[in-house]
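These are the residues of each chain, in order.
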2 protein chains.
Amino acid sequence: MAAPSRNTCGLTERSVRERVPPLLNDLYQFTMAYAYWRAGRHQEPAVFELFFRDNPFGGGFSLFAGLHDCLLFLRSFRFSDEDVEFLRSVLPPATDPAFFQFLRGLDCSGVTVRSVPEGTVVFARVPLMEVAGPLAVVQLLETSLLCLVNYASLVCSNAARFRLAAGPRRRLLEMGLRRAQGPDGGLTASRYTHIGGFDLTSNVQAGFLFGIPVAGTMAHSYVTSFNSLEEVWPQTLAAANGDPEPVDVISLTKGWLSRVCELLGAEPEKIREGELAAFLSYAVAYPQNFLPVIDSYSVGCSGLLNFCAVALTLCELGHRPVGVRLDSGDLCKQSVDVRRVFRLCSEHFSIPAFDSLIIVGTNNISEQSLAELNKKVKGVNVMVGVGTHLVTCTKQPSLGCVYKLVEVRGRPRMKISEDPEKSTVPGRKAVYRLVDADVLGMIFLLKIKEINIICIYLFKYIPLFNICNTVSYCLLSFVYVCSSHKVSLAK
Amino acid sequence: MAAPSRNTCGLTERSVRERVPPLLNDLYQFTMAYAYWRAGRHQEPAVFELFFRDNPFGGGFSLFAGLHDCLLFLRSFRFSDEDVEFLRSVLPPATDPAFFQFLRGLDCSGVTVRSVPEGTVVFARVPLMEVAGPLAVVQLLETSLLCLVNYASLVCSNAARFRLAAGPRRRLLEMGLRRAQGPDGGLTASRYTHIGGFDLTSNVQAGFLFGIPVAGTMAHSYVTSFNSLEEVWPQTLAAANGDPEPVDVISLTKGWLSRVCELLGAEPEKIREGELAAFLSYAVAYPQNFLPVIDSYSVGCSGLLNFCAVALTLCELGHRPVGVRLDSGDLCKQSVDVRRVFRLCSEHFSIPAFDSLIIVGTNNISEQSLAELNKKVKGVNVMVGVGTHLVTCTKQPSLGCVYKLVEVRGRPRMKISEDPEKSTVPGRKAVYRLVDADVLGMIFLLKIKEINIICIYLFKYIPLFNICNTVSYCLLSFVYVCSSHKVSLAK
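Just so we're clear, the structure is a prediction, and the values are computed from it rather than from any experiment. (Residues numbered from 1 in each chain as written. Chains lettered and ligands numbered in written order. Predicted model: local features only at pLDDT ≥ 70, side-chain atom pairs only at ≥ 80, totals over all residues. Heavy atoms only, no water.)

Help me get a handle on the interface of chain A and chain B, residues and values and all.
Counting from both sides, the interface comprises 110 residues of chain A and, opposite them, 110 residues of chain B. A combined buried area of about 9400 Å² lies between chain A and chain B, and 57% of that area is made up of carbon and sulfur atoms. The largest contributions to the chain A side of the interface with chain B come from R178(A), Q181(A) and Y286(A), which together make up 10% of the buried area. On inspection of chain A and its partner chain B, the count reaches eight salt bridges. Salt-bridge contacts for K422(A) lead to D327(B); the nearest nitrogen and oxygen are separated by 3.9 Å. The tally of links between chain A and chain B comes to 44 residue pairs in polar contact (both at pLDDT 80 or more). Of the residues in the side of chain A that touches chain B, the class split is 51 nonpolar, 36 polar and 23 charged. (Contact = heavy atoms within 4.5 Å. Buried area = accessible area lost by both parts, 1.4 Å probe. Salt bridge = Lys/Arg side-chain N within 4 Å of Asp/Glu carboxyl O. Polar contact = N/O pair within 3.5 Å; in protein donor to acceptor, adjacent residues only side chain to side chain. Nonpolar A, V, L, I, M, F, W, Y, C, P; charged D, E, K, R; others polar.)

This is the structure we're talking about:
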């Protein structure tokens, strides 16, 4: 889990305080707080529940995330003089000045949070967090808690779906910083996609703050910035065995390039010299980390040949090239072609290192295209980098968590809406998660305290657990589960 | 425009420095910067262009936003010792230590930005920003500039589309904080939707930092927190005319409620006393700002009747109720029904204030449902609050801006991709925007400097300008525009 690394804990806490000041809130929380205060109800004990109404992405589950930030937010929740002065300027002039004194003294010392642990698999309509405390205070917390949980849980769940589509072994890289909702959206995405199952991120700050492994080598701009082999500098490289005599890599690479062209029947005049220069220059800078992007011009006519020539040069000098990145075109087809060429080179030139070269695909990958890749390209080890579809959650860009009042002064409260979907289940709940021994069935019991009503939530389809999809079958399972299997308490 | 208000300029600048530290960057920018540095190319003058490839939302235009933050970011771009130490730990061990010294001394003093102004209507494939400077530095800026422009421009454009759908007069409220990508995503949304045409935000921090007018009154939790009229406190209210004798609002409201029920033929037993108590309590706290949410139980059977009773009480005491909020059900149908009841009350009780009550609709509004509202409910003044669909840009959650190298050492650079769509136009450009006198046609000329090539971009459909939709017609227009109309320089 991407918990803050030890030396950056303070930084994360400070960052939450700066990112989520108490004014980052909907105005109506303040107008309501005033109305509670004016009626003398602000200290009444109240309980809110945070949950979502539908599992995201048309799927059967979600992951819960954002709790750590919520707790840091609650710990730092306090109004400054400047905050209170601003509120005075936007609330109606009739607002009693004593209310602002009340706000100035507020904190969350009277608030209790019960929650499922960060990273838990959770389901629709089951409470994720229960926030209890003085009515006015717990009301004021709504927007910030929702803001911290909604996207964190959504992007974490999205990452988990990509992980399920990719299978357990394929390496997944998150690279969505430039496509997220601003800097903090990007950082949140890096953090919670790691919890959701991604191995790496391109985001250096996420590495710094949360200890997530970072990865990345080059963009097309690096390749296109080179024009000729004259720009390669230094033009020599020492062998890995420590031989102090540096070798002229230009001529070495040129030799390998003609041999590769001959092997593959390629036309040397179609090869881009600038691309070869870029690859060689990068290889000289990082002989142990050579993983260029090979589609700046043409993978088949130039990029792949240039890569092979430079990688063979590195191998001859005892270094170990890493692989290639593909960022456009048909990833399935290309990865098969590229792997075939690697095998040919490995066999023809007796360079077994070519068998363990990796292919990184970063071309507009979605959950679907990842599943397709798995199906079509079995046995070809392709690491996948995902940006846009992962961080913007294209399929459903909002989780829709809500924060609903369920109890005031020990009495259950409920909302009955014009949309039956939006009605709430009143009262504090004890949540039981019933699982049979083989985790083939799952069912939730929400026991409402005080009034002893039990709600049962059934899930039509949980891909993780291959659950039954009709209510009758679920009810049968329920009896089965209750009568013969263990009961585990979710919170 | 939501430029920072005078007293918060420093706050915004500090905020950008904290939100966009130089490590909030893709790792490959650093590996490339090192490779440039190692080859002695880091100081070579280079030019990048920032643009997007397709107009968002399947539409004909975008708005450009994020420039102000980009400039603040460039001004504060500098690595701390701590940043450099972290980079040392993640870059390959072979990295020359002198490179980190170089990083430590970097800033953007050698960088020049040319840009279209913030808030400009812009189009696909035409450069929005041109960033020129030392190759390694301008390379390092890519991710942050994209991150700051991409979402800001997207959400600003989305807001403009909502504004076009709503027409010029309808008041629009942004209320997406809880659905955005974390705290900063929410703040960015509030800021740039205001530039895009929204009048108000629910986000208090956006009011504080950018001077955007804030709005909001109450949520369902406030309504459901009340159970009986005994909870209303104080139970009296002074008249607006300054009469010192407070009036018993409970009995006054009860009286109005029976008259309203009689007028509308409603069943008094279906009316929720808790809801009436909530409305009355809020009205006592804010007699001039009474705008409750009326769908906590049932609009027709309870909420609307309770509102009318309390609003009539306020009117009798000389106060002026504001209106109602609808958050579920069919907004078109409900707003017609509510307006009809307001008119009935106005006529029957001779209370003309009821004619100017406002209706606020906040129920899952999309661009489409807004257009439908306009079509179906002509003449009913409904103010609209938009959250999820606005801030997550459901229809297209990413703009896809890119940052491409177009020149190094005065020589044009280009990328030719496996996807023709991803190829770039080489060289720095002078952009001319040709508009005919009636703004019925628009065309772009990109004159590439040095090599004197002219690219012409045609737009199939620009809803703002009712432009021609076939290439041949466009070419004819082009000749027409060039021969007889003014030429305006876009940047």
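Outline the relation of the copies chain A and chain B, listing residues and values.
Of the transformation placing chain A onto chain B, the axial shift is 0.0 Å and the rotation is 180°, giving an RMSD of 0.0 Å. When the rotation and shift are considered jointly, the pair of chain copies conforms to a two-fold rotation axis. A share of 100% of interface residues in chain A that are also interface residues in chain B marks the association as one of identical surfaces. (Least-squares fit on C-alpha atoms with pLDDT ≥ 70 in both.)

Could you give an account of unusual backbone geometry, with specific residues and numbers?
Residue and element names in this part refer to chain A. Each neighbour pair has its own omega, and for W233 with P234 the value is -10°, a cis peptide bond. Despite not being glycine, F57 has its phi angle at roughly 60°, a positive value. Examined against the element boundaries, F57 turns out to sit in the loop between β1 (45–52) and β2 (62–63). (Helix = DSSP H or I, 4+ residues; strand = E, 2+ residues; numbered from the N terminus.)

Tell me about the packing of aromatic side chains, and please be specific about residues and values.
A complete count under the given rule lists 44 aromatic pairs over all chains for this structure. Seen in terms of ring centroids, F279(A) and F290(A) are 6.1 Å apart; in terms of plane orientation they differ by 70°. Their pairing is edge-to-face. Of this pair, F279(A) sits in helix α12 (residues 273–285) while F290(A) sits in the loop between α12 and α13 (299–316), and the two are 11 residues apart along the sequence. The same class applies to F279(A) as to F290(A), namely buried. An angle of 10° between the planes, with centres 5.4 Å apart, marks the rings of F290(B) and F307(B) as stacked. Placement of the pair is F290(B) in the loop between α12 (273–285) and α13 (299–316) and F307(B) in helix α13, with a sequence separation of 17 residues. Given a relative accessible area of 0%, F290(B) falls into the buried group. A relative accessible area of 0% means that F307(B) is categorised as buried. (Phe/Tyr/Trp six-rings, centres within 6.5 Å; stacked < 30°, edge-to-face > 60°. Buried < 20%, exposed > 50% of the residue type's maximum accessible area, 1.4 Å probe, protein only.)

Which residues make up the environment of A189(B), and what values do they have?
Residues and elements named next belong to chain B. Counting through the fold element by element, A189 comes out in helix α8 (residues 182–195). Spatially, the C-alpha atoms of A189 and M175 are 9.2 Å apart, while their sequence positions differ by 14 residues. For A189, the residues in contact, after removing those within four places along its chain, are Y151, V155 and V391.

For the domain arrangement of chain A, give the residues involved together with the corresponding values.
Residues and elements named next belong to chain A. With domains assigned, chain A is organised as domain 1 (1–166 + 397–427), domain 2 (217–391) and domain 3 (428–491). Taking only C-alpha atoms, the centre of domain 1 and the centre of domain 2 are 49 Å apart. At the junction of the two partners, domain 1 supplies eight residues and domain 2 supplies 10 residues. For the domain 1 and domain 2 pair, buried surface summed over both sides reaches about 760 Å², with 58% attributable to carbon and sulfur atoms. Joining domain 1 to domain 2, the criterion identifies one salt bridge. With a shortest N-O distance of 3.0 Å, R161 and E367 are connected by a salt bridge. (Domains from an automatic or database assignment.)

Report on α8(B), specifying residues and quantitative values.
All names here are of chain B. End to end, α8 covers 20 Å across 14 residues, agreeing with the expected 20 Å (1.5 Å per residue, within 8%). Most of α8 is tucked away: 13 of the 14 residues are buried. With its phi angle positive at about 125°, G197 sits one or two positions after the end of α8. (Expected span 1.5 Å × (residues − 1).)

Explain the packing of helix α4 (residues 81–90) of chain B against helix α5 (residues 97–104) of chain B to me, using residue names and the numbers behind them.
All names here are of chain B. Running from N to C, α4 and α5 point in directions that differ by 150°, and their axes come no closer than 10 Å. Compared by their axis directions, α4 and α5 come out roughly antiparallel. Relative to α5, α4 is oriented so that their crossing is right-handed. Here D81, V84, L87 and R88 of α4 lie close against α5, whose contacting residues are P97, F100, L103 and R104. In terms of residue class, the contact of α4 with α5 is built from five nonpolar, no polar and three charged. (Axes fitted to C-alpha atoms, helices over the stretch in contact; angles between N-to-C directions. Parallel < 35°, antiparallel > 145°, perpendicular 65-115°, else oblique. Left-handed = near helix turned anticlockwise from the far one by under 90°.)

Please set out the sheet that holds strand β3 (residues 112–115) of chain A residue by residue, giving values where relevant.
All names here are of chain A. Read from one edge to the other, the open sheet built from five strands follows the order β3-β5-β1-β13-β14, with strand pairing classed as antiparallel. Every interior strand has two partners, whereas the edge strands, β3 and β14 (411–412), have only one. Taken together, the four bridges between β3 and strand β5 (residues 129–134) define a ladder with antiparallel strand orientation. The residue of β5 that forms the bridge with S115 is M129. (Pairing = 2+ DSSP bridges.)

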